[in-house]
Amino acid sequence: MQGLLLRSLLFVPGNSEKMLQKALQARADALIPDLEDSVPKDEKVTARNLVSKMLPSLRNNTPKKVQIIPRVNSFYTQWFEDDLKAVLQPGISAVTIGKVESAEEMKEIIKAVAEKEKEASLPSNSVKIIPWLETAKGIVYAREICACGSRLAAVAFGAEDFTADMKLERTMSGQEFSLARNWISIVARASQLVALDSPWPHFRDLNGLKEDCRVAKVMGFKGKFAIHPGNIDIINEEFSPSQKEVELAKQIVEAFEAAKKAGRGSTSVNGAMVDEPVYRRAKAVLEQENLIKNAKDASNL
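None of the values given here were measured: they were computed from a predicted structure.

Caption draft 1: Main features of the overall build of the protein chain. The number of helices and strands found in the protein chain is 12 helices and 11 strands. Compactness check: the protein chain gives a C-alpha radius of gyration of 20 Å against a globular reference of 19 Å for 301 residues, within 12% of the reference. On the principal axes, the C-alpha backbone points of the protein chain span a range of 65 × 50 × 40 Å. The buried share of the protein chain, taken over its 301 residues, is 49%. The long-range share in the protein chain, meaning contacts at least 24 apart out of those at least 6 apart in sequence, stands at 70%. Averaging the positions of the 42 positive and the 40 negative side-chain charges in the protein chain gives two centres separated by 5 Å.

Spelled out as structure tokens, the structure:
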């Protein structure tokens, strides 16, 4: 999944055929047919069967740039194994799994995915994993979980379950989980994983959504889950570099490369110092902009 956009990831309740069909119109970078939190216990099997049946249609009727990443129930539930078997199909780029709490559990999940992948005759290591860290224990062992190998593509933070586990009030500012959020972005980067942020629960509060995206982006998150298609455009915009950022990045890269040719290790742009770390940040902005451009071009083919 490296080199692919994961700015916006839209949850779709797996027990609703209408919502699964409607999701085809969303402009999300990834669709997440959900078998976990959005599905009541007595609907789990129904949701599993429906998602399994509809996955080929979802894949065939969305642009190739859109990732299909089902969310299955957590490892220690009665539904995990059958969920995994149902969703491991051609065209699935990853599965995401809730409430992972240890490296030992993560290794068992990796083993299970590899076994079901083989049973489904899928290419080896083709289905990646995105674990959710959303309990105190999961946060404490985040570094070890993220270091579990190449099967992992990203890591997600779940604010709702985390605050429930901690018995905390969930506030609009999110200050009660800022440490956990920041820690996940750091350990994700240390393991070369993409950090993905929790959904904004007040989905009709678009100004609140914008602010929440900006806070997450500053912390190092590269994308955000959503529970409503009306949030996707804002998430895409906030996790994309602005035109002003792109122009400044171009100036920085040009100035620094010219300075290097002249034998200097630093220069300045608009009165601010530009050295190697500033140059690398600017290059990352341009790489992100190029990813977005390539995705748009692919959609227009």
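Caption draft 2: Examining the side chain of Ser-198 more closely. With respect to the helices and strands, the residue Ser-198 is situated in the loop between β8 (194-197) and α9 (206-219). The exposure class assigned to Ser-198 is buried, which follows from its relative accessible area of 3%. Looking at Ser-198, its side chain comes within polar contact range of the main-chain nitrogen of Ala-159, at 3.0 Å. Not counting residues up to four positions away in its chain, the partners in contact with Ser-198 are Phe-157, Gly-158, Ala-159, Glu-160, Lys-224 and Phe-225.

Caption draft 3: Quick peek at the state of the cysteines. Tallied over the entire structure, the rule returns zero disulfides. Between Cys-146, a free cysteine, and Cys-148, which holds the nearest cysteine sulfur, the sulfur-to-sulfur gap is 8.4 Å. The exposure class assigned to Cys-148 is buried, which follows from its relative accessible area of 17%.

Caption draft 4: Local environment of the packing of aromatic side chains. Scanning the entire structure with this criterion turns up eight aromatic pairs. In textbook terms, an aromatic cluster arises when at least three aromatic residues are bridged by ring pairs, as seen for Phe-11, Trp-132 and Phe-225. A cation over an aromatic ring shows up here: Lys-44 above the ring of Trp-79, its NZ or CZ 5.2 Å from the ring centre. Across the ring face of Trp-132, the terminal group of Arg-71 is positioned such that the distance to the ring centre comes to 5.4 Å.

Caption draft 5: View of the pattern of salt bridges. Counted under the stated rule, the structure contains 19 salt bridges. One salt bridge connects Glu-36 with Lys-99, and the closest N-O pair in it is separated by 2.9 Å. Linking Glu-36 in the loop between β2 (30-34) and α2 (44-60) with Lys-99 in the loop between β5 (94-97) and α4 (103-119), this pair joins segments that are 63 residues apart in sequence. Judged by relative accessible area, Lys-99 falls into the partly exposed class, the value being 24%. A salt bridge links Glu-160 to Arg-170; its shortest N-O distance comes to 2.9 Å. With Glu-160 in helix α7 (residues 159-166) and Arg-170 in the loop between α7 and α8 (178-190), this pair connects stretches of sequence that are 10 residues apart.

Caption draft 6: Representation of the nonpolar core. Within the largest apolar cluster, 65 residues are counted, with the highest numbers of intra-cluster contacts made by Val-95, Met-106, Ile-109 and Phe-157. When sequence neighbours within four positions are dropped, the list of residues in contact with Ile-109 reads Phe-75, Phe-80, Ile-97, Val-100 and Ile-129.

Caption draft 7: Molecular detail of the layout of surface pockets. The calculated volume of the largest pocket comes to roughly 1,500 Å³. As for the largest pocket, its lining consists of 42 residues, and the residues nearest its centre are Arg-189, Lys-222, Ala-284, Glu-287 and Gln-288. Where the lining of the largest pocket is concerned, the elements lending two or more residues are α8, β8, α11 (243-261) and α12 (276-299). Counting residues per element, the lining of the largest pocket draws most heavily on α12, which supplies nine residues.

Caption draft 8: Fine view of the UniProt feature "binding site: substrate" (unreviewed entry) in the protein chain. As recorded in UniProt, the feature "binding site: substrate" (unreviewed entry) lies at Arg-71 and Glu-134. The greatest C-alpha distance among the residues just named is 14.4 Å, despite their covering 64 residues of sequence, which places them together in space. Checked against the element boundaries, Arg-71 lands in strand β4 (residues 71-72). Excluding residues that lie within four positions of it along the chain, Arg-71 makes contacts with Phe-11, Ile-32, Pro-33, Asp-34, Leu-35, Glu-36, Asp-37, Ser-38, Thr-96 and Trp-132.

Caption draft 9: Just α4, in detail. Its 17 residues place the ends of α4 24 Å apart at the C-alpha level, agreeing with the 24 Å of an ideal helix rising 1.5 Å per residue. Every buried residue of α4 is accounted for by Ala-103, Glu-105, Met-106, Ile-109, Ile-110, Ala-112, Val-113, Lys-116 and Glu-117. Those residues of α4 that are buried are in contact with α3 (80-87), β5, β6 (128-133) and α6 (142-146). After α4 finishes, the residue Ser-121 shows a positive phi value of roughly 60 degrees.

Rules and cut-offs
- Residues numbered from 1 in each chain as written.
- Predicted model: local features only at pLDDT ≥ 70, side-chain atom pairs only at ≥ 80, totals over all residues.
- Heavy atoms only, no water.
- Helix = DSSP H or I, 4+ residues; strand = E, 2+ residues; numbered from the N terminus.
- Rg over C-alpha atoms; globule rule 2.2 N^0.38 Å.
- Buried < 20%, exposed > 50% of the residue type's maximum accessible area, 1.4 Å probe, protein only.
- Contact = heavy atoms within 4.5 Å.
- Lys, Arg positive; Asp, Glu negative; His and termini not counted.
- Charge placed at Lys NZ, Arg CZ, Asp CG, Glu CD.
- Polar contact = N/O pair within 3.5 Å; in protein donor to acceptor, adjacent residues only side chain to side chain.
- Disulfide = S-S within 2.5 Å.
- Phe/Tyr/Trp six-rings, centres within 6.5 Å; stacked < 30°, edge-to-face > 60°.
- Lys NZ or Arg CZ within 6 Å of the ring centre and 35° of its normal.
- Salt bridge = Lys/Arg side-chain N within 4 Å of Asp/Glu carboxyl O.
- Core = buried A, V, L, I, M, F, W, Y, C linked by side-chain atoms within 4.5 Å.
- 1 Å grid on protein atoms, 1.4 Å probe; cavity = no way out; pocket = protein on both sides within 12 Å on 5 of 7 lines; lining within 4 Å.
- Points joined across faces, edges and corners; volume = space filled by probe spheres on them.
- UniProt positions renumbered as here; feature names shortened; annotations may be inferred.
- Expected span 1.5 Å × (residues − 1).

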